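Close look at the chain arrangement
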Amino acid sequence: MLPERLMDSRRPDYAAYVAALGLPAYATELNVLSRAGGRRKGDTLEVVAEPDVTAAGAVDHSFLVRGIGHLEGNQPALHSLTNGASMFITAQPDNAVNPNALRVCTSGGSPVGWVPDALLHITHEVIENAYQLTAARANGPDWPNHMRLVVRLRGHVPPGFEPFGEVMSHQQTVAAPG
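Our subject in this report is the structure included herewith. (Residues numbered from 1 in each chain as written. Predicted model: local features only at pLDDT ≥ 70, side-chain atom pairs only at ≥ 80, totals over all residues. Heavy atoms only, no water.)

Within the largest apolar cluster, 28 residues are counted, with the highest numbers of intra-cluster contacts made by Met87, Val104, Val115, Leu149 and Val151. For this core, the elements supplying multiple residues, two or more each, are β2 (58-64), α3 (75-80), β3 (86-91), β4 (102-106), α4 (120-126), β6 (132-138) and β7 (149-156). The contacts of Leu149, once residues within four sequence positions are left out, are Phe63, Leu64, Val65, Ile68, Leu81, Met87, Val112, Ala135, Arg137 and Ala138. Counting residues in each nonpolar core, the second largest holds 16 residues, with Met7, Tyr14, Val18 and Val32 among its members. (Core = buried A, V, L, I, M, F, W, Y, C linked by side-chain atoms within 4.5 Å. Buried < 20%, exposed > 50% of the residue type's maximum accessible area, 1.4 Å probe, protein only. Helix = DSSP H or I, 4+ residues; strand = E, 2+ residues; numbered from the N terminus. Contact = heavy atoms within 4.5 Å.)

Okay, helix α2 (residues 29-36) next. Looking at α2, one finds that the buried residues are Val32, Leu33, Ser34, Arg35 and Ala36. With its phi angle positive at about 95°, Gly37 sits one or two positions after the end of α2.

Spatially, six strands are ordered β2-β7-β6-β3-β4-β5 in an open sheet, and the strand pairing comes out antiparallel. The sheet terminates laterally at β2 and β5 (111-114), the two strands that pair on one side only. Averaged over all pairs of adjacent strands, the angle between their axes in this sheet comes to 30°, without regard to strand direction. Across seven bridges, β2 lies against β7 in antiparallel orientation. When the sheet's bridge partners are listed, His61 is paired in β7 with Leu153. (Pairing = 2+ DSSP bridges. Axes fitted to C-alpha atoms, helices over the stretch in contact; angles between N-to-C directions.)

What follows deals with the pattern of salt bridges. Considering all chains together, one arrives at two salt bridges under this definition. A salt bridge links Arg11 to Asp13, with the nearest nitrogen and oxygen atoms 2.8 Å apart. With a relative accessible area of 32%, Asp13 lands in the partly exposed category. (Salt bridge = Lys/Arg side-chain N within 4 Å of Asp/Glu carboxyl O.)

Tallied over the entire structure, the rule returns one cavity of 30 Å³ or more. Its boundaries defined by the atoms lining it, the largest cavity holds a volume of some 30 Å³. If you trace the largest cavity, you find it lined by Pro51, Val59, His61, Phe63, Leu119, Ile122, Thr123 and Leu153. Put simply, the parts of the chain that give the lining of the largest cavity at least two residues each are β2 and α4. Ranked by residue count, the leading element in the lining of the largest cavity is β2, at three residues. Here the residues of the lining of the largest cavity are counted per class, giving six nonpolar, two polar and no charged. (1 Å grid on protein atoms, 1.4 Å probe; cavity = no way out; pocket = protein on both sides within 12 Å on 5 of 7 lines; lining within 4 Å. Points joined across faces, edges and corners; volume = space filled by probe spheres on them. Nonpolar A, V, L, I, M, F, W, Y, C, P; charged D, E, K, R; others polar.)

Nothing here speaks to function; it is geometry throughout.
So this is what it looks like as structure tokens:
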């Protein structure tokens, strides 16, 4: 199952692919898989790195923004993003697909995508308090939409909080070490 869901590390563009995921060159296959998701067309399986939560409840987690291709007119906002740019998250209770959806927006308010379903539970908890969301890796238009933007979320949850303690998606989620 693993080789089918990973880019072959012998490909000449592998290093660029790993960098576009916002990972270091020495990233393990599991790190690459958990960031990229390992999704294939027609799949219902997605691998997501379990966010690290310290004993005090601190969260520092990076992930690919989903659904970028579903937002018409967001290309100028995506093109203007730079690594380290401040961003924010808004709830979207009127979302017909998922009323728990959280939209990712630029600091100017332009929507650019959504938080992955598997991370909604912890992200809802993080944004209840002060949090920081930044563009960890803003990839250009030469990259496919699903690889355009890696964001970094930092904040806090109550001590002992379980990141995947509540099922928030119809998809099967496999937690991988972050």
